[in-house]
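# Structural features, examined
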Amino acid sequence: MAAYAQLGDVNTWYDEHGAGTPLVLLHGGLVDARFFAPNLDALAEKFHVYTPERRGHGHTPDVPGPITYQLMADDTIAFLEQVVAEPADLVGHSDGAFVAMLVAMQRPELVQRLVLISGGFNKSGEAAPDTEWDVDAIFDFLGPTYGEVSPDGIDHFRVVATKIGEMAAKEPDLKASDLAAVSARTLVMFSDDDLVTMRHVVEMYDAIPGAELAVVPGTSHFLTQEKPHLVNALVLDFLTHDPVPTVAGIRRAPQGEE
C-alpha cells in the first residue's frame, strides 16, 4: 500500500496498514517509519494506521532549506487534510511527538486523541544539555539505515543531520503555559531514563489539560523498541477505552464534581 503524496514541495512517502479509524504514526528525528516495526502489528489490529515519513527522512526526499518543527507540523497538517481526510489519532515519538503536539494545538479539529512519546516541549528539560551534536558519530549510528531507502543517497544523511542539529540547537521552545492549547485527550509517555528530566516530564503532564501519564520502567529514549509489549499495551488501552471514573482522584475531580 506504500505511495507518495505531493504535499506542497514535499513528495511525502507513506504506507497504510490495518482497518478501522485512522491512526497516524509520526517517527522521530533521523529515523523513519521502520522505527515503529515493533509496534505496528499491534496497532494495525485495531486501527487504519498511516506511517508518513517527513521531509528528508526515510523514502521522502529532502527539499532545499532548513528543517523546523513548524515546517514538519505544516507537512503533517497537509497529510491529514489531503490523505487521511478525516480527524485521526496521532501517536508521535521524539521529534514526531512534538510535531504531533503542534498539530493538535494549531488544528485541533484534525486530531481525535494524542499520544506523545518521549518528546519534550522546550530545551530547559534536557537531561544532558552539554552533549555535542556530532554529525560523524550520528552518521555511523544511523546513516547506513538511512541509505537503505533514501532517494537522496547515503551521503545526503550528513546534510539532513546538520539541519536537524541546527533545529535542535534552538527548538523546541514552547513555554509550559502554551500547552494549555492542547484540547485533545492526551497520553504523555516517557521512559524512566529519557533525554529529558523527570521534572520536565511532570511539568508537561501538569500543563496539558486532563493529560494522562505513563512512565515505562527500565527503558531509555528507545522505549518503543526496548519494551514494545508494554508500550503497545499502554497505547492501545488509552486509544480503545474511555477514561475510567477514579475512586480517589486528586488531580482529577471525582466524576460529577467540579
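Located above this text is the structure these notes cover.
An account of the accompanying structure is given in this report. (Residues numbered from 1 in each chain as written. Predicted model: local features only at pLDDT ≥ 70, side-chain atom pairs only at ≥ 80, totals over all residues. Heavy atoms only, no water.)

### Topic: the nonpolar core
Note the following rule: We call a set of buried Ala, Val, Leu, Ile, Met, Phe, Trp, Tyr and Cys residues a nonpolar core when their side-chain atoms join them within 4.5 Å. Partly exposed residues are those whose accessible area sits between 20% and 50% of the maximum for their type, while under 20% is buried and over 50% is exposed, using a 1.4 Å probe and protein chains only. The contact rule is simple, with two residues in contact once any of their heavy atoms fall within 4.5 Å.
Counting residues in each nonpolar core, the largest one holds 58 residues, and the members touching the most others are V24, M101, L114, M204 and I208. Among residues more than four places away in sequence, those in contact with M204 are M101, L116, G119, G120, F121, L179, V188 and F190. Listed in part, the 21 residues of the second largest apolar core include L40, V216, L223 and L236.

### Thoughts on the environment of E109
The test is simple: Per the convention used, a helix needs a DSSP run of H or I reaching at least four residues, while a strand needs a run of E reaching at least two, with both numbered from the N terminus.
Inspection of the secondary structure assignment puts E109 in the loop between α3 (95-106) and β7 (111-117). The spatial distance from the C-alpha of E109 to the C-alpha of E132 is 39 Å, given a sequence separation of 23 residues.

### Let's talk about the packing of helix α2 (residues 69-84) against α3
Here is the rule we go by: Geometry is summarised by axes, namely lines fitted to C-alpha atoms with helices restricted to the contacting stretch, and by angles between N-to-C directions that run from 0 to 180 degrees. Oblique is the label for every angle not falling under 35 degrees (roughly parallel), over 145 degrees (roughly antiparallel), or within 65 to 115 degrees (roughly perpendicular). Each helix crossing is assigned a hand: it is left-handed if the near helix lies turned anticlockwise from the far helix by less than a right angle, otherwise right-handed if that turn is clockwise. Amino acid classes used here: Ala, Val, Leu, Ile, Met, Phe, Trp, Tyr, Cys and Pro are nonpolar; Asp, Glu, Lys and Arg are charged; the rest, including Gly, are polar.
For the pair α2 and α3, the least separation of the axes is 9 Å and the interaxial angle reads 65 degrees. Considering their axes alone, α2 and α3 lie roughly perpendicular with respect to each other. Crossing of α2 against α3: the hand is right-handed. Every residue of α3 that contacts α2 at Y69, Q70, M72, A73, T76, I77 and L80 is listed here: D95, F98, V99, L102, V103 and Q106. Residue classes in the contact of α2 with α3 are distributed as nine nonpolar, three polar and one charged.

### A short note on a nonpolar patch on the surface
Stated precisely, the cut-off is as follows: Note on patches: the residues involved have over 30% relative accessible area and no salt bridge, like charges join within 9 Å, and the nonpolar side chains Val, Leu, Ile, Met, Phe, Trp and Tyr join within 5 Å. Per-residue and other accessible areas follow the Shrake-Rupley method at a 1.4 Å probe size, with only the shown protein chains counted as cover for residues. For this document, the term salt bridge refers to a Lys or Arg side-chain nitrogen within 4 Å of an Asp or Glu carboxyl oxygen.
A grouping of M198, V202, L213 and V215 is seen on the molecular surface, where their side chains present a nonpolar patch of about 270 Å² in accessible area. Elements with a minimum of two residues in the nonpolar patch: α6 (198-207) and β9 (212-216). Tracing the sequence through the fold places M198 in helix α6. Residue class for M198 comes out partly exposed when judged on its relative accessible area of 37%.

### Topic: the pattern of salt bridges
Side chains that differ in charge, positive against negative, can pair when their charged atoms come close. The full count for this structure, using the stated rule, is 13 salt bridges. Ionic pairing is found between R34 and D32, a salt bridge with its closest N-O pair at 2.8 Å. Given the relative accessible area of 34%, R34 is considered partly exposed. Taking relative accessible area as the criterion, D32 reaches 5% and is therefore assigned buried. Here D75 makes a salt bridge to R55, at a shortest N to O gap of 2.7 Å.

### A look at the pairing of strand β2 (residues 10-14)
Selection rule: Strands were regarded as paired on the criterion that DSSP finds at least two bridges between them.
Counted residue by residue, β2 has four buried out of five residues, so it is predominantly covered. Both strand β1 (residues 3-7) and β2 contribute to a ladder of five bridges, which runs antiparallel. Of the residues in β2, the one forming a bridge with L7 is V10. The turn linking β1 back onto β2 is made up of two residues, and G8 within it adopts a positive phi angle of 65 degrees.

### Here we look at the pairing of β7
Applicable threshold: We call a crossover right-handed when, viewed with both strands directed away from the observer, the connection leading from the first strand over the helix to the second proceeds clockwise.
For β7, the tally of buried residues reaches five of seven residues, placing the bulk of the element in the interior. Where strand β6 (residues 88-93) lies against β7, five bridges are found, and the strand directions are parallel. Counterpart to V91 in the pairing with β7 is V115. Following the backbone out of β6, through α3 and into the adjacent parallel β7, one traces a crossover that is right-handed. Bridge analysis of β7 against strand β8 (residues 185-191) gives five bridges, and the strand direction is parallel. In the sheet register, L116 faces β8, and the bridge partner there is V188.

### Some words on the side chain of D75
Within the fold, D75 resides in helix α2. Classification of D75 by relative accessible area gives buried; the value is 12%. In this structure, D75 is in contact with L7, V10 and R55, ignoring residues within four places of it in sequence.

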